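Observations on the model geometry
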Amino acid sequence: MDWALVMWLWALVFVQYHSHGWLGYLDKERTSLLEIKASINYPNGSSLPTWEDGTDCCSWERIKCNNATGRVTKISLNRTREWELGEWYLNADLLLSFGELRSLDLSRNYLGGWVDHEGFERRSRLPNLELLDLSHNSFNASIFLYLGSLSSLRTLDLSYNNIEGHFPSEGFKRWTRLSKLEHLDLSDNSFNESILPYLSALSSLKSLSLSKNYFGLLHRGVDVEDSTLGILYTSFEMLSRLGNLEQLVLSSNQLNRSILPYLGALSSLKSLDLSGNNLEGCFPSKELANLSKLEVLDLGGNQLNGFLFLQAFCNLENLQELDLQHNELEGSLPPCLSNLSSLQLLDLSYNRLSGQISSSLISSLTMIRFLSLSYNRFEGSLSFSSFANLSKLEVVELSVLDGLSPGEDVITYPNQLEVETESTPWVPKFQLKVLHLSNCNINKLTGTIPSFLSTQYDLIALDLSHNNMKGNFPSWLLENNKRLEMLDLGSNNLAGPFHLPPHSNYLTAFYLDVSSNHIYGQLPENIGFSLPNLLYLNMSINALHGSIPPSMGNMRELYILDLSRNNFSGEIPEQLAMGCISLMILKLSNNRFQGTVFPTHSNLTQLQYLYLDGNGFTGKISAGIFKSPDLKFLDVGKNNISGRLPAQIGNFSGLTSLSMPKNYLAGPMPAEYCNLSRLSLLDLSQNRIFGPIPSCFSLSLKFLHLQGNELTGLMPNALSKISSLVTLDVSHNYFSGNIPNWIGAFPNLRVLLLGGNNLQGRIPMQLCQLKNVSILDLSRNDLSGPIPICFGNMTFGRARVTDFSTFVVSPWGYSPSLSIELPGYRIEVLVPFMVTRFIKAEEEVEFITKKRSETYKGVVLYLMSGVDLSCNQLTGEIPPEIGYLTATHALNLSHNQLSGPIPETFSNLKQIESLDISHNRLSGEIPPQLTELNFLSAFNVSHNNLSGVLPDMMKGQFGTFGETSYEGNPLLCGPPLKSCSSTSPLPPSMPTTSGDEDDGYDIIFYICFSVSCTISFLFFIALLYINHYWRGLYFYFVDICIYSCYYFALDSYYLTLDNLRKVFSRSRA
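Residues numbered from 1 in each chain as written. Predicted model: local features only at pLDDT ≥ 70, side-chain atom pairs only at ≥ 80, totals over all residues. Heavy atoms only, no water.

**Quick notes on the overall build of the chain**
- For the chain, the count of helices and strands is 16 helices and 66 strands.
- Residues counted as buried form 51% of the 1069 residues belonging to the chain.
- Put simply, of all contacts in the chain between residues at least 6 apart along the chain, 62% involve residues at least 24 apart.
- Just so you have it, the chain exposes about 47,900 Å², and 54% of that area is on carbon and sulfur atoms. (Helix = DSSP H or I, 4+ residues; strand = E, 2+ residues; numbered from the N terminus. Buried < 20%, exposed > 50% of the residue type's maximum accessible area, 1.4 Å probe, protein only. Contact = heavy atoms within 4.5 Å. Areas by Shrake-Rupley, 256 points an atom, 1.4 Å probe, with all protein chains shown as cover.)

Okay, structure coming up:
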């Protein structure tokens, strides 16, 4: 019994000792955690509110403990420190209390380093730490000196830090102790090849990520014999020592294909990512053919070219993912792809692949889940039924590039791919999540919406744009697919009203595009409540009418709203201006909106691009616009706005484009506009602005339109400082004096319009310094003297535009995009916003040619060139050098006092379409060589002193010109004028028929004509009565004609008044 008592006492002492020890450890851990909290929140943060003294730390957020011992095993402090608090440093000694800690996550905390490194040196205190995540912080290379002490580590993440330069050898020598390390992520730092020898010592490594570093830069710009090239080769060769390596990520570096043989030696590799590098040449089938265990290969975003030969590569039966997007690969799809029986992801988008897409190849990919062949040059017909039995299929992308406007730097090719979905009856075994078939000629003959879509219920993204599909708007797509986030049906022939599914109180869609269709009717009143998550809504170019539903103010996430080119009316609802607080782009152009330009009460503080042009807004510009301080583009042109130019516009410091033409704005230009330092386009044309031009302008100005106003005085010298000017249009004002000598100081000027003013004196020789000018108008002034001979040295279209963005006002700043993340995929399906399609402004120029005023923009403006010197007092002969303007499309020298012959060099004007030299004092014959001008469609030499025989009327375009082209020249003869020989016999008269017979034919003709017109009219009325869609279009067309005639009459009225004022002012002078 004594021995038993002694043993019992010893056990009691042992238990008491260890319980006190455990309790002591728990107290230390709780104290250390509270100190860590204080450090994270220093100086005034509020994170980790549940961490309170006196409570069990195992119940705290972000903490996990061992159920048996109660000690901390996992600390997850990612995204804990508030960014406003800035960078901080953690005392590493606080971590020494956690003897059973297995996982420590300090990522995304603005952590700059350690206060004291003693903690990691005393590795015996952290013997169980297996996972350490320090990513997205600001550590530097010194961290490597201390990580070698953590011998139990299996996962280490140092990605997204500031680690750069060469690395301390002492630190890397300690890496040999990390014998258990299996996963290492060093991506998005500044590493180079010098780290590779040290990484090769990590023999247990299975996963290594080195993406977004500086690998491949050591050999840039050196000869082959240079020793640094040897460093590159030797370093990557040492990676072959990592016999257990299964995943290697080297994406977004500067590597070339010289590393491929060394990577091919990593026989254990299952995943290799070399995307976003500088790999060139053919597809590396041979170099990678030995990687028999390879499951994932990503070579996207390189410069691989040539034919896609995969014969040696198609034996990799374990391959599950193959990504070759954004390369320059050519040829057809290799048939041997069918050998890759395990393939689940195949992305060949954005290449130059051609030929037909084999239906048998598609149907053989039985395991495929993701297939993207978009943006290639495939042709022929593809039956979508070939996908029917692919039960695992979730993503299909076959979209083809649509024609893009110049400046978007994409070369497009005619789309010859046709996707047929209705050729044979079939039932799909798949449930798609993403389907992109943009511009694929879907069911080209019938235009039918694919019927198999009625069996799909899991769609997240659907793009059927640019396919000319017919039928009513398919609201059932929204009803069947409750998780649909992106729907693009733009640029089709869909009609009918825009209906939302019944009982649809809440839809998840964030991207909806139904633009460029024939959808009519009013928007549903509950659209804002049914689609509250929309970020992008484009319903432009339809036949929608009525007012904007106030419920749209519920779209608080809406980023882009485009309702332009419809028949909307009423006022802009205040609910929209107050509720859509995220709106950045608002486009309501070319509708029938009325009332105040913008709601007085507005909360659109994020608005940057506002288009209200082409409506019927009246009154002054509302103060609500000025509550959007970040405006970059503002267009309120072609309205009925009156009052003075608002000086508050000068407060928009980021304004890039200001367009307010064709209104009734009056008064002088405010001096506050001098504050618009970023302004690239200023259009105040066709208003009632008077006074002189301000002496200050933005030096970044490219397009200046002040035509059609009442501006007076001399042209200010301040304009000479704007070297970036591309267009200068101050025509139809009251400017006086001479054309200034500084007019030649614009190296980029392409359009100069000074016509319709009171300018006097000679045409300055400095004008010839405008080497890039293509359109010049000096007409309707009082200019005198000869035409400068140096005009022949100017380009006027001969220097073709290579930069197609010349006439585009591009936005500055960030252009966002959205993405859809698909569970189970390592990639994202990007949904570009194509913001530049909405916010870039194309320059428009009015120029008189062929006796009518034309507006040129887009591609036509790039190609147009012309000279108009008409209605002046120019004298002397026409310089023969004018004939060297070989690319000019229009030349007008009429209504001057020019004399002498028509230069024979005019025969060199091979591109000329309009030539007017009428109302001068020209003499001599019309050069017969002019018949070689095959594009000439308007020709006028009337009212001169020309003589001789007209050119052969049977040659070229001259057979189309009538007598009016030559009248007023009494000495000219030949068809269509009088005959040149008065003695020539008259042509024999034709036999005539009796009057009674003519009368009979006339009566029959009138009766037939009347009956035909009556039947056509009745048929037209019946068509409008039966088909309500065509009836709506007809009345819409009538309304457009009425508005066009109204504005034409209004413009003509004001133009007549302007001309009368000019005549009156000149008569007084």
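**Regarding the packing of aromatic side chains**
- As enumerated under the stated definition, the model contains 21 aromatic pairs in all.
- Ring geometry for Phe958 against Phe961: centres 5.3 Å apart, planes inclined by 75°, an arrangement best described as edge-to-face.
- Phe961 sits in the buried class, given a relative accessible area of 6%.
- Put simply, the rings of Phe384, Phe387, Trp426, Phe430 and Phe452 pair up and form one aromatic cluster.
- In this structure, Lys587 is placed above the aromatic ring of Tyr611, and the distance from its NZ or CZ to the ring centre is 5.4 Å. (Phe/Tyr/Trp six-rings, centres within 6.5 Å; stacked < 30°, edge-to-face > 60°. Lys NZ or Arg CZ within 6 Å of the ring centre and 35° of its normal.)

**Structural notes on the state of the cysteines**
- By the definition in use, this model includes five disulfides.
- Paired through a disulfide, Cys674 and Cys696 show a sulfur-sulfur distance of 1.4 Å. With Cys674 in the loop between β41 (664-667) and β42 (681-683) and Cys696 in the loop between β43 (688-691) and β44 (703-705), this residue pair connects regions lying 22 residues apart in the sequence.
- By sequence-ordered numbering of the bonded cysteines, the chain has its disulfides arranged as 1-2, 3-4, 5-6, 7-8, 9-10.
- With no disulfide of its own, Cys57 lies closest to Cys58 among cysteine sulfurs, the gap being 4.5 Å.
- For Cys57, a relative accessible area of 2% corresponds to the buried category. (Disulfide = S-S within 2.5 Å.)

**Points about the layout of surface pockets**
- Approximately 400 Å³ is the volume found for the second largest pocket.
- Lining the second largest pocket are 25 residues, and of these Lys850, Lys851, Asn892, Ser894 and Asp916 sit closest to its centre.
- Those elements that place two or more of their residues in the lining of the second largest pocket are β56 (844-849), β60 (890-892), β62 (914-916) and β64 (938-940).
- Within the lining of the second largest pocket, the residues separate by chemical class into seven nonpolar, 13 polar and five charged. (1 Å grid on protein atoms, 1.4 Å probe; cavity = no way out; pocket = protein on both sides within 12 Å on 5 of 7 lines; lining within 4 Å. Points joined across faces, edges and corners; volume = space filled by probe spheres on them. Nonpolar A, V, L, I, M, F, W, Y, C, P; charged D, E, K, R; others polar.)

**Some details on the confidence of the model for the chain**
- Summary statistics for the chain give a mean pLDDT of 84 and a share of 82% for residues scoring 70 or more.
- Across residues 11-22 the pLDDT falls below 50, and counting only partners more than four positions away or on other chains, this stretch makes zero contacts in the model.
- Between residues 983-998, whose pLDDT stays under 50, and residues either more than four places distant or in other chains, the model counts two contacts. (pLDDT = per-residue confidence, 0-100.)

**A short note on the pattern of salt bridges**
- Taken as a whole, this structure holds 12 salt bridges when the rule is applied.
- Between Glu29 and Arg71 there is a salt bridge, with its nearest N and O atoms 3.1 Å apart. Note that Glu29 is positioned in helix α1 (residues 2-40) and Arg71 in the loop between β1 (63-65) and β2 (72-76), a separation of 42 residues in sequence.
- Residue Arg71 is classed as buried on the basis of its relative accessible area of 9%.
- One salt bridge in this structure joins Glu394 and Arg369, with 3.5 Å as the shortest N-O distance. In this pair, Glu394 sits in the loop between β20 (377-383) and β21 (395-397) while Arg369 sits in the loop between α9 (359-364) and β19 (370-372), placing the two residues 25 residues apart along the sequence.
- Under the relative-accessibility criterion, Glu394 is labelled buried at 15%.
- When salt bridges with common partners are traced through the structure, they connect Arg369, Glu394 and Lys433 into a single cluster. (Salt bridge = Lys/Arg side-chain N within 4 Å of Asp/Glu carboxyl O.)

**Quick look at the sheet that holds strand β22 (residues 416-420)**
- Sheet architecture is open: six strands sit in the order β12-β14-β16-β18-β20-β22, paired in parallel fashion. This sheet does not close on itself; its edge strands, each paired only once, are β12 (280-281) and β22.
- With two bridges joining them, β12 and strand β14 (residues 303-307) adopt parallel strand pairing. Note on β14: the bridge partner recorded for Glu280 is Gln303. (Pairing = 2+ DSSP bridges.)

**Comments concerning empty space enclosed by the protein**
- If you walk through the whole model with that rule in mind, you get five cavities of 30 Å³ or more.
- By volume, the largest cavity amounts to about 70 Å³.
- Contributing to the lining of the largest cavity are Met669, Pro670, Tyr673, Cys674, Leu676, Leu679, Leu682, Pro694, Cys696, Phe697, Ser698 and Leu701.

**What about unusual backbone geometry?**
- The omega torsion across Tyr42 and Pro43 is 5°, close enough to zero to call that bond cis.
- Looking at the element boundaries, Pro43 is found in the loop between α1 and β1.
- Cis geometry marks the peptide bond from Pro975 to Pro976; its omega dihedral reads 10°.
- Within the fold, Pro976 resides in the loop between β66 (971-973) and α15 (995-1026).

**Examining the environment of Ser383**
- When you line up the elements, Ser383 lands in strand β20.
- The spacing of Ser383 and Val419 is 36 residues in sequence and 6.0 Å in space, taken between C-alpha atoms.
- Aside from chain neighbours lying at most four places away, what touches Ser383 is Ser359, Glu420 and Ser423.
- Polar side-chain contacts of Ser383 include one of 2.6 Å to the side chain of Ser385. (Polar contact = N/O pair within 3.5 Å; in protein donor to acceptor, adjacent residues only side chain to side chain.)

**A word on the pairing of strand β29 (residues 518-521)**
- As judged from the three bridges shared by strand β27 (residues 493-497) and β29, these two strands associate in the parallel manner. Bridged to Ala495 within β29 is His518.
- Here β29 runs beside strand β31 (residues 543-546); their pairing, made up of two bridges, is parallel. Counterpart to Gly521 in the pairing with β31 is Leu544.

**Comments concerning the environment of Asn493**
- With respect to the helices and strands, Asn493 occurs in strand β27.
- For Asn493, a relative accessible area of 30% gives the class partly exposed.
- With 25 residues separating them along the chain, Asn493 and His518 place their C-alpha atoms 6.1 Å apart.
- The residues contacting Asn493, other than those within four sequence positions of it, are Asn468, Met469, Lys470, Gly471, Asn517 and His518.
- Among the polar contacts made by the side chain of Asn493, one reaches the side chain of His518 at a distance of 3.3 Å.

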